Amino acid sequence: MAAPERPAQAPVSPRTATGGPAKGEGLVRSLTHRQTTMIGLGSALGTGLFLGSGSAISAAGPAVIISYAIGAVLVAIIAVLLGEMSAAHPVQGSFGAIAHTYLGPCAGFVTRWMYWFSAVVVIGTEVVASALYIRWWWPGVPMSAAILAIAVVVLAVNSINVQSFGTTEFWLSTIKVTALCAFILCAALLVFFGLPDTEATGLAHLTDDGGFVPHGAKSVWIAMSVVMFAYAGFEVVAIASAEATDPQRSIRTAMRQLAWRLSVFYVLAITLVVALIPWRGLAVGDGSVEASPFVRVFSDVGVPAAATLTNLVVLIAAVSAANAHLYGASRLLHSLGDDGLAPAPLARLTSRGVPATALAASTLGIAAAALLAFYDFGGIFSILMSIALFAVLLVWLLILASYVAFRRHRDAHPADFTGFSIPGGSKLALVAGLGVLAVAATAAEVPDMRQAASIGLAFTVVLLACYALATFRRTRRT
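All of the points below concern the structure found in this document. In this numbering scheme, every chain counts its residues from 1 along its sequence in written order. In keeping with the model being predicted, local features are shown solely for residues with a pLDDT of at least 70 and side-chain atom pairs are shown and tallied solely at 80 or more, while totals for entire chains, interfaces and linings include all residues. Processing note: side-chain calculations cover all non-hydrogen atoms of the structure and skip hydrogens and water entirely.

## Quick word on the packing of aromatic side chains
- Centre distance within 6.5 Å is the pairing criterion for rings of Phe, Tyr and Trp, where only the six-membered ring of Trp is used; planes under 30 degrees apart are then read as stacked, over 60 as edge-to-face, and the remainder as tilted. In total, this model carries 15 aromatic pairs according to the counting rule given.
- Judged by centre distance (5.7 Å) and plane angle (85°), the ring pair of tyrosine 102 and phenylalanine 406 falls under edge-to-face. On the criterion of sequence distance, the pair formed by tyrosine 102 in helix α5 (residues 94-103) and phenylalanine 406 in helix α17 (residues 378-412) is long-range, its members being 304 residues apart.
- Taken together, the ring pairs connect Phe109, Trp113, Trp116 and Tyr467 into an aromatic cluster. Here a helix means four or more residues in a row that DSSP labels H or I, a strand means two or more in a row labelled E, and each is numbered from the N terminus.

Given below as structure tokens:
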């Protein structure tokens, strides 16, 4: 069996798995494995959990616990399989470059551009969310000024060097994880033990209002359309492998810890929330700070200024997510420029190994989101988010397809590879692929998913047309 084609200027040789020199393709290897793990948590633990779980609870009631558990299993499978590939190929472009190698240049092109666009949209929305949280304290601050302040912070952190980014993201994520642990402890105290003047709620709320599955078994599937996107963002860990000091150790540790931590945090937090507060009360939340499950729990514990505390947590969560997604977007865009699949200036690096041009281009989402927020173009904003949601599912499918091809090559040439291997990895990839397709199939029932599918497919066609045009021009030049 012949080795797969290698993308231009993106060495994906299995023999680079041990990490190579201190600098690879100009990107500086300085991220520790602790920083790498926290980068993944920083991008995945965002406002989707802290504020956005109400719609999932509304769709499935207490049975949303099953939806989050299924989502945790799917994400855990994708994470560990992606970790195996990234440890074998710790290169710039990450899963995009790997898709180029094992599925072909077109797949690598679509994977990276799709992920870049979705990340750019998420960056914009997180920055706008951060500005809204700031204005919750100081309503007189102009929206544009608040957006600019947050944008300057995340851009500055990413512009210095990768070590600065890693350190900042480590501490931001640590604060988020600490807050989440505090939330879980407080909720568990109220559910199982109560307080001197408050009886323990127990688990009665899970069944006493229409039963555990009040909307029927189908609702568990429908809720997946919301649940899965709360897990998105862990892919940044794989992108960071190109700048990790010890890629194999960092990626193996990061992906495995990320898989179980996300599972425990999401499933346990949601279970305790639904057990503590009647689910219909959570389902009517409007997405504001006061409607957050965190506020409800902290209020029940008697913590003063619960809304203020929660607002600080969600602000840190939003800034952290924007920071991590900007890092991931800039690295994939840089790899596209390096491979000749985007304008050449995007491949340029500063003396500190920062892709400054790609970084600047990846802030377009902030500018677009600011304009949309300023002019209140809600319809256009919804369209952009629909493309981003579709892109996440497509990228996951391409990652899983890349893994199947990668594993075939690895099994045929075991001597060429070092590092860990997941037993039954190809079968797990097929299971996860079916799960992702099942989530996409909720478009038959969920209007937002239907919009995501229709607009996302159209956007994919545009990307394919761009790739065909770029290929045609390269062919004519040669």
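Having seen the model, we can carry on.
## Brief notes about the environment of valine 264
- Within the secondary structure layout, valine 264 lies in helix α11 (residues 247-276).
- Taking C-alpha positions, valine 264 is 8.5 Å from alanine 72, a pair spaced 192 residues apart along the chain.

## Side note on the pattern of salt bridges
- Between Lys or Arg on one side and Asp or Glu on the other, a salt bridge is scored when a side-chain nitrogen of the former is within 4 Å of a carboxyl oxygen of the latter. According to the stated counting rule, one finds six salt bridges in the structure shown.
- The partner of arginine 407 in a salt bridge is glutamate 84, and the shortest N-O contact between them spans 3.6 Å. Of this pair, arginine 407 sits in helix α17 while glutamate 84 sits in helix α4 (residues 64-88), and the two are 323 residues apart along the sequence.
- Given the relative accessible area of 1%, glutamate 84 is considered buried.
- The salt bridge partner of glutamate 84 is arginine 410, with a shortest N-O separation of 3.3 Å. Each residue is assigned to one of three classes by its accessible area relative to the maximum for its type, calculated with a 1.4 Å probe on protein chains only: buried under 20%, partly exposed between the two thresholds, exposed over 50%.

## Regarding the packing of helix α8 (residues 162-192) against helix α14 (residues 306-338)
- Note on method: axes are straight lines fitted to C-alpha atoms, helices fitted across the in-contact stretch only, with angles between N-to-C directions ranging 0 to 180 degrees. Taken N-terminus to C-terminus, the directions of α8 and α14 make an angle of 145°; their axes are 9 Å apart at the nearest point. Crossing geometry of α8 relative to α14 is assigned as left-handed. Here Val162, Phe165, Thr168, Glu169, Leu172, Ser173, Ile175, Lys176 and Ala179 of α8 lie close against α14, whose contacting residues are Val313, Ile316, Ala317, Val319, Ser320, Ala321, Asn323, Ala324, Tyr327 and Arg331.
- Along the lines of polarity and charge, the residues of the contact of α8 with α14 split into twelve nonpolar, four polar and three charged. Should the near helix be turned anticlockwise from the far one by less than a right angle, the crossing is termed left-handed; should it be turned clockwise, right-handed. Any two residues whose heavy atoms approach within 4.5 Å are treated as being in contact. Charged residues are taken to be Asp, Glu, Lys and Arg, nonpolar residues to be Ala, Val, Leu, Ile, Met, Phe, Trp, Tyr, Cys and Pro, and polar residues to be all remaining types, Gly included.

## Some details on the environment of arginine 249
- For arginine 249, the location among the structural elements is in helix α11.
- Here the alpha-carbon distance between arginine 249 and phenylalanine 420, two residues 171 residues apart in the chain, equals 9.6 Å.

## So, the side chain of lysine 176
- For lysine 176, the position within the fold is in helix α8.
- The convention is simple: Lys and Arg are positive, Asp and Glu are negative, and His and the chain ends are not counted. Although lysine 176 is buried, it forms no salt bridge, and the closest oppositely charged side chain is glutamate 169 at an N-O distance of 5.1 Å.
- In this structure lysine 176 touches Leu41, Gly42, Leu45, Phe50, Ile316, Ala317, Ser320 and Ala321, once residues within four positions along its chain are discounted.

## Regarding α5
- Summarising burial for α5: nine of the ten residues are buried, a large majority.
- Every buried residue of α5 is accounted for by Ser94, Phe95, Gly96, Ala97, Ile98, Ala99, His100, Thr101 and Tyr102.
- Following α5 by one or two positions, glycine 104 has its phi on the positive side, about 115°.

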